[in-house]
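Next come the chains, spelled out residue by residue.
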Amino acid sequence: MRPRRSLPQPLLSVAAAQEGLVSKAQCAAAGLDKDAVALLVAHGRWRRVVRCVYDTCPTPVGRRRADGRHDHLRRRAAWTAMLAVGNGIATGACALALLGVDGLVQEVLPEAARSGGMYSAVEGVTLRRYRDFADEEYRGRRIASVVPALAQALPYLSRGEVVAVLSGALREGRIVQSGLDDVRAMLRGRRGAGRVQGLVDLAEALDGSAAESFARLSFVDSGVPPDGQQVMFTRDGVFLARVDFVWRLLDGRYVVAEIDGRAFHAGELMLAADSHRQNRLVATGRVIVIRFPAVRALTGETPTVGTEMAARLSTLGWRPTPGPLNVGIVAL
């Protein structure tokens, strides 16, 4: 027996809103019984993700969506948890993924909580026993609001991700500076919170991406904290460029570090624009530009971006200055 060729359009619309996933209950509501679903799986049109949750996309997970694939997979993990648990509330990193908070760079595993902290094991899903946290509606489901989601997620993230996620939340206006105090308060008493509390103060809204957060940490760890971030250079009143990181040299020159992220530095037109702006800076004779690929900052490969920058700055005679380059604009 072959599976039916066409599937109910309402079910396909549901799947499209859920990163390609549907639950057994949603299939039944659309008129697909368990035998019809089993045929779809047997013929490779669908894939079973966990018990009672199916992926309607036949392409293997590792080969789908070249652009935005990692964000898709993180949201997919969140939907896996919510559909598998039934009345589950997406929590931690899963909630952050659905909220669109930037900074997650590792794989996200399905996790959810039940209202009131009720617990029973669910295949393939980490079921949290969180109680009394703020949540909000998301496409007919419930997910943790940003502050509790941060407090739930941070103890399970790497050092770089902790800083990147908090910086992303600040940059995108998900929380204000005082919201960090709310996150600290919710962290108290959680397993692993001690490691995280000391990292909260490292969050910086000026980080333009997760890669910049990782790079900044690497600079700090290597003893060369930047003198400024997101600094605008001008000459004779004409805008030249806005750069990621800046160090002032004693002879009046500046060293600039740029973190080339794919979203902003890909394609021939963008690469040409980057070359022009770099040439404008270098042509002044007062700016040295060093570029690092985002993936190098994120992976922390040896030598790290901080180690390399420290070596270059040492050669150029850089020394820490009393205060940050906080004017935001440098006239050359």
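Residues numbered from 1 in each chain as written. Predicted model: local features only at pLDDT ≥ 70, side-chain atom pairs only at ≥ 80, totals over all residues. Heavy atoms only, no water.

Trainee: Describe in detail the overall build of the chain, supporting the description with residues and values.
Mentor: A tally of helices and strands in the chain yields 13 helices and 13 strands. A burial count over the chain gives 47% of its 332 residues as buried. Restricting the contact set of the chain to residue pairs at least 6 apart, pairs at least 24 apart contribute 61%. Element-wise, carbon and sulfur atoms account for 53% of the exposed surface of the chain, whose accessible area totals about 16,400 Å². (Helix = DSSP H or I, 4+ residues; strand = E, 2+ residues; numbered from the N terminus. Buried < 20%, exposed > 50% of the residue type's maximum accessible area, 1.4 Å probe, protein only. Contact = heavy atoms within 4.5 Å. Areas by Shrake-Rupley, 256 points an atom, 1.4 Å probe, with all protein chains shown as cover.)

Trainee: Quick rundown of the nonpolar core? Include the residues and the values.
Mentor: Side chains of a nonpolar character, in soluble globular proteins, are inclined to be buried together. Ranked by internal contacts, the top residues of the largest apolar core, which has 57 residues, are Leu150 and Leu154. It is helix α4 (residues 69-85) that provides the largest number of residues to this core, a total of eight residues. Discounting chain neighbours no more than four positions away, the residues touching Leu154 are Val162, Val165, Leu166, Val183, Leu187, Arg195 and Val196. Membership of the second largest hydrophobic core comes to 19 residues, among which are Val255, Ile290, Ala294 and Met309. (Core = buried A, V, L, I, M, F, W, Y, C linked by side-chain atoms within 4.5 Å.)

Trainee: Break down the sheet that holds strand β7 (residues 135-138) for me, with residues and values.
Mentor: In a beta sheet, neighbouring strands pair by backbone hydrogen bonds and run either parallel or antiparallel. The strand order across the open sheet built from five strands is β6-β5-β4-β8-β7, with neighbouring strands paired in mixed fashion. Each of the sheet's edge strands pairs with one partner strand only, and the pair in question is β6 (126-128) and β7. Pairing of β7 with strand β8 (residues 141-144), which is carried by four bridges, proceeds in the antiparallel orientation. Across the sheet, the residue bridging to Asp135 is Ala144, located in β8. Each of β4 (89-90), β5 (111-113), β7 and β8 is contacted by helix α5 (residues 92-99), which is oriented at about 110° to β8, the strand it contacts most. (Pairing = 2+ DSSP bridges. Axes fitted to C-alpha atoms, helices over the stretch in contact; angles between N-to-C directions.)

Trainee: With reference to specific residues and values, describe the sheet that holds strand β9 (residues 228-235).
Mentor: Read from one edge to the other, the open sheet built from five strands follows the order β12-β11-β10-β9-β13, with strand pairing classed as mixed. Strand pairing shows two members of the sheet lacking a second neighbour, β12 (287-293) and β13 (329-331), which therefore form its edges. In this sheet, adjacent strand axes meet at a mean angle of 45° when their direction is disregarded. By the bridge criterion, four bridges tie strand β10 (residues 238-248) to strand β11 (residues 254-260) in an arrangement that is antiparallel. Residue Trp247 lies in a different strand from β11, and its bridge partner there is Val255. Packed on one face of the sheet, helix α10 (residues 210-221) meets β9, β10, β11 and β12 and runs near 45° to β10. On top of the sheet, helix α13 (residues 305-316) reaches β10, β11 and β12; it is set at about 165° to β12, its chief contact.

Trainee: Kindly report on the confidence of the model for the chain, identifying the contributing residues and their values.
Mentor: Per-residue confidence for the chain gives a mean pLDDT of 89; residues scoring 70 or more make up 90%. The model gives residues 263-272 a pLDDT under 50, and that stretch makes seven contacts with residues more than four places away or in other chains. (pLDDT = per-residue confidence, 0-100.)

Trainee: Outline unusual backbone geometry, supporting the account with residue identities and numerical values.
Mentor: Excluding glycine, residues mostly carry a negative phi; peptide bonds, for their part, are mostly trans. Omega for the peptide link from Thr302 to Pro303 comes to -5°, which places this bond in the cis form. Within the fold, Pro303 resides in the loop between α12 (294-299) and α13. Non-glycine residue Cys52 carries a positive phi angle of around 70°. Note on placement: Cys52 falls in the loop between β2 (47-50) and β3 (53-55). Its relative accessible area of 22% is what places Cys52 among the partly exposed residues. Phi at Asp132 takes a positive value of approximately 50°, unusual for a residue other than glycine. Position of Asp132 among the secondary structure elements: in the loop between β6 and β7.

Trainee: Just give me the short version of the pattern of salt bridges, but keep the residues and values in it.
Mentor: Considering all chains together, one arrives at 18 salt bridges under this definition. Residues Glu111 and Arg128 are paired through a salt bridge, measuring 3.4 Å at the closest nitrogen-oxygen approach. In this pair, Glu111 is assigned in strand β5 and Arg128 in strand β6, connecting sequence segments 17 residues apart. Take Glu111: its relative accessible area is 8%, and that puts it in the buried class. Its relative accessible area of 16% is what places Arg128 among the buried residues. (Salt bridge = Lys/Arg side-chain N within 4 Å of Asp/Glu carboxyl O.)

Trainee: Can you break down α5 residue by residue, with the values?
Mentor: Buried residues dominate α5, accounting for eight of its eight residues. Of the positions making up α5, those classed as buried are Gly92, Ala93, Cys94, Ala95, Leu96, Ala97, Leu98 and Leu99. Remark: Gly100 follows α5 within two positions and exhibits a positive phi of approximately 80°.

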